Amino acid sequence: MDTYRSDFLQAMAARGFIQDLTHPGELDALMATGTPVPAYIGFDATASSLHAGSLVQIMMLRWLQKTGHKPIVLMGGGTTKVGDPTGRDSARKMLSDADIQGNIDGIKQVFQKYLTFGDGPTDAVMVNNADWLDGLNYLAFLRDYGRHFSVNRMLSFDSVKLRLEREQPMSFLEFNYMILQSYDFLELNRRHGVRLQMGGSDQWGNIVNGVELGRRVDEAELFGLTTPLLTKASGEKMGKTADGAVWLNADHLSPYAYWQFWRNTEDADVGRFLKLFTELPMEEIDRLSTLQGAELNEAKKILAHAATALCHGEDAARDAAETARRTFEEGGIGENLPRVQVARAELEGGTLGLLAALVKAGLAASNGEARRQVQGGAVRLNDEKATEPTRMIEAGDITADGVVKLSMGKKRHALLVAE
RNA sequence: GGAGGGGUGCCCGAGUGGUUAAAGGGGGCGGACUGUAAAUCCGUUGGCUUAGCCUACGUUGGUUCGAAUCCAACCCCCUCCA
């Protein structure tokens, strides 16, 4: 492993955040001077929350702040209108300005959990590239910056090359994405003195272009750093779960479900994830990583707790852990299982069918799916297997706690609550 | 503008007049095994008031008893040519 003098690069290298780095020596020297260095990561506003796939970048900004530097969060309000072609075979669907603004508002909430914003030298700042991209003058832009980009070279970057090799369409709009991202870097350097852009390894081409543009236009010495593409040990992409993406906003995915996601980490990933997604000291992580077999479950709980505490707060993490303990280790009813309000009359009157109840509880997407799962023996009503699709929910099904517990398989549970 | 190829379910991809809600794979969900893991095996995977009905193979019309499959027009994509 490379050895660095700066706290930031040292921590990042030790924890497995670094895939590639432009000019490692010079960057290390810059980061070690004791003066806060502004560095940025861009996030496109394609959804109203970020998910676990962006967590590596978020954690890196956190470390940046922790080690005495200044994180700049760039919201891609402008670039989202163009759409990053990287790693895709087709263009993103067009989002309206209102959609984009709504997404930015949602994403802001995530960052407030992880970073300290403000006006101080190491306080985080959030900026929106729509501020400078929206008003660009096409001709002036082409003459000032377009001339620095070689189409020949652009065609050689993976984001473009792979698309063309697969004979998939790429519009001129998308083709411009890397130019705009490069320009962002330049603009951030001018406005905020940003020296470093970070991002996932798929962003390497976009980042390097920005570094070069800065040198050509302003003779600025800029740096780039990329993180490894994060996959599970079994090769799958990170950030997926039963209900889709692992969202970081509590209104998209409950803290309990978030905790569960980390609790179910594959054995082979535990050590790596502890380094990336928690701030436990390295000695502690090394100790946890030596655990074998079922003992590793303890390490997974620690991972789940630490990751959830960062995202949703200590209390939410504790609640989630407690709910999980009761649900799985005692087979009881945990406090934090998803609760669905149902009219008392409906619950007691025997008019609510089991299938409809499962859909209502969010455990099945449709009546048909609910039916199949019931017939397949996957469904439990108050922990009793329910195999009859025509079964109705009745007053007698309400437990002493005043709820009806529905389970889909072993891990997905929900409570119907009379209102 | 010309010539050729193509647009199928969440994704990839077979299918060229009926037995096709559409092979196969991936992904998802569930079951078994386990440690709330992985791997493996099994089931399932459009909707509904489910022995039936409805919706679906780029769009719109047409031929036919019957079309994802044939015809016409249109839209979109790829390749080569101009």
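How each quantity is defined
Residues numbered from 1 in each chain as written. Chains lettered and ligands numbered in written order. Predicted model: local features only at pLDDT ≥ 70, side-chain atom pairs only at ≥ 80, totals over all residues. Heavy atoms only, no water. UniProt positions renumbered as here; feature names shortened; annotations may be inferred. Helix = DSSP H or I, 4+ residues; strand = E, 2+ residues; numbered from the N terminus. Phe/Tyr/Trp six-rings, centres within 6.5 Å; stacked < 30°, edge-to-face > 60°. Buried < 20%, exposed > 50% of the residue type's maximum accessible area, 1.4 Å probe, protein only. Lys NZ or Arg CZ within 6 Å of the ring centre and 35° of its normal. Pairing = 2+ DSSP bridges. Contact = heavy atoms within 4.5 Å. Axes fitted to C-alpha atoms, helices over the stretch in contact; angles between N-to-C directions. Patch = residues over 30% accessible without salt bridge, like charges linked within 9 Å, V, L, I, M, F, W, Y side chains within 5 Å. Areas by Shrake-Rupley, 256 points an atom, 1.4 Å probe, with all protein chains shown as cover. Salt bridge = Lys/Arg side-chain N within 4 Å of Asp/Glu carboxyl O. Lys, Arg positive; Asp, Glu negative; His and termini not counted. Charge placed at Lys NZ, Arg CZ, Asp CG, Glu CD. Near = heavy atom within 4 Å. Polar contact = N/O pair within 3.5 Å; in protein donor to acceptor, adjacent residues only side chain to side chain. Nonpolar A, V, L, I, M, F, W, Y, C, P; charged D, E, K, R; others polar. Left-handed = near helix turned anticlockwise from the far one by under 90°. pLDDT = per-residue confidence, 0-100.

1. Description of the UniProt feature "domain: Tyrosine--tRNA ligase SYY-like C-terminal" (unreviewed entry) in chain A
When the UniProt feature table is mapped to this numbering, "domain: Tyrosine--tRNA ligase SYY-like C-terminal" (unreviewed entry) covers residues 341-415. Secondary structure across residues 341-415 comprises 28% helix and 28% strand; the distance between its end C-alpha atoms is 9 Å.

2. Section: the packing of aromatic side chains
Going through the model one piece at a time under the given rule, you end up with eleven aromatic pairs. Both rings, one in F141 and one in Y183, keep their centres 5.2 Å apart while their planes meet at 90 degrees; by these two values the pair is edge-to-face. Within this pair, whereas F141 is found in helix α6 (residues 138-144), its partner Y183 is found in helix α10 (residues 177-192), the two being separated by 42 residues in sequence. On the basis of relative accessible area, F141 is assigned to the buried category, the value being 10%. Ring geometry for F261 and W262: centres 4.9 Å apart, planes at 75 degrees, overall edge-to-face. A relative accessible area of 0% means that W262 is categorised as buried. A network of ring pairs unites the aromatic residues Y258, F261, W262, F273 and F277 as a single cluster. The ring of W63 is capped by K66, whose NZ or CZ atom sits 4.9 Å from the centre of that ring.

3. Quick notes on the sheet that holds strand β6 (residues 223-227)
Spatially, the six strands line up as an open sheet ordered β1-β6-β5-β2-β3-β4, and their pairing is mixed. Unpaired on one side and paired on the other, β1 (20-21) and β4 (125-128) mark the two borders of the sheet. With five bridges joining them, strand β5 (residues 196-200) and β6 adopt parallel strand pairing. Counted as the bridge partner of M198 is L225 from β6. Set on the sheet, helix α3 (residues 55-66) makes contact with β2 (38-44), β3 (70-76), β5 and β6; between it and β2 the angle comes to about 160 degrees.

4. As for a positive patch on the surface
A surface patch of positive charge is lined by R380, K385, K410 and K411. With a relative accessible area of 47%, K411 lands in the partly exposed category.

5. Observations regarding the sheet that holds strand β12 (residues 384-385)
Strand pairs in the sheet, formed through backbone hydrogen bonds, run parallel or antiparallel to each other. Read across the sheet, five strands follow the order β9-β15-β14-β11-β12 without closing on themselves; strand pairing throughout is mixed. The sheet is open, and its two edges are formed by β9 (339-342) and β12, each paired on a single side. Judged from the six bridges that link them, strand β14 (residues 403-408) and strand β15 (residues 412-418) form a sheet pairing that is antiparallel. Opposite S407, over in β15, you have H413 as the bridge partner.

6. Some details on the side chain of S159
As for its placement among the helices and strands, S159 is situated in helix α8 (residues 158-165). Every residue in contact with S159, bar those within four places of it in the chain, is listed here: P85, T86, M170 and M178.

7. Quick word on the protein's contact with RNA strand B
Around RNA strand B lies a shell of 30 residues, among which N264, D267, S366, G368 and Q373 are the nearest. Counting only the atoms of RNA strand B within 4 Å of the protein, the fraction contributed by sugar and phosphate is 68%. At 3.5 Å, a side-chain N or O of R372 approaches a phosphate oxygen of RNA strand B. Within the side chain of Q373, a nitrogen or oxygen atom sits 2.4 Å from a sugar or linking oxygen of RNA strand B. For the surface near RNA strand B, the secondary structure elements donating two or more residues are α12 (255-263), α15 (296-312), α16 (314-329) and α19 (367-375). Considered class by class, the residues forming the surface near RNA strand B number eight nonpolar, eleven polar and eleven charged.

8. A short note on the packing of α12 against α15
Packing of α12 against α15 brings their axes to within 8 Å, and their N-to-C directions diverge by 145 degrees. Judged by the twist between their axes, the crossing of α12 over α15 is right-handed. For the pair α12 and α15, the contacting residues are P255, Y258, W259, W262 and R263 in the first and N297, K300, K301, L303, A304, H305, A307, T308, C311 and H312 in the second. Along the lines of polarity and charge, the residues of the contact of α12 with α15 split into eight nonpolar, four polar and three charged.

9. Let's talk about the pairing of β15
Every regular strand shows the same layout, with side chains that alternate between the two sheet faces. With six of seven residues buried, β15 lies mostly within the body of the structure. Where β9 and β15 come together, four bridges link them in parallel fashion. Within β15, the residue paired with Q341 across the bridge is V417. The turn joining β14 and β15, which pair antiparallel and follow one another in sequence, is formed by three residues; a positive phi near 70 degrees is taken by G409.

10. Let's talk about the confidence of the model for chain A
For chain A, the mean per-residue pLDDT works out to 91, and 96% of the residues sit at or above 70. The ipTM assigned to the predicted complex is 0.86, against a pTM of 0.90.

11. Here we look at a nonpolar patch on the surface
Residues Y138, L139, L142 and F172 make up a contiguous nonpolar surface patch of roughly 450 Å² in combined accessible area. With three residues, the single largest contributor to the nonpolar patch is α6. For F172, the position within the fold is in helix α9 (residues 172-175).

12. Considering the environment of A47
Tracing the chain through its elements places A47 in the loop between β2 and α3. The sequence separation of A47 and A345 amounts to 298 residues, and the corresponding C-alpha distance is 38 Å. Ignoring any residue separated from it by four or fewer positions in sequence, one finds A47 in contact with N103, I107 and W247.

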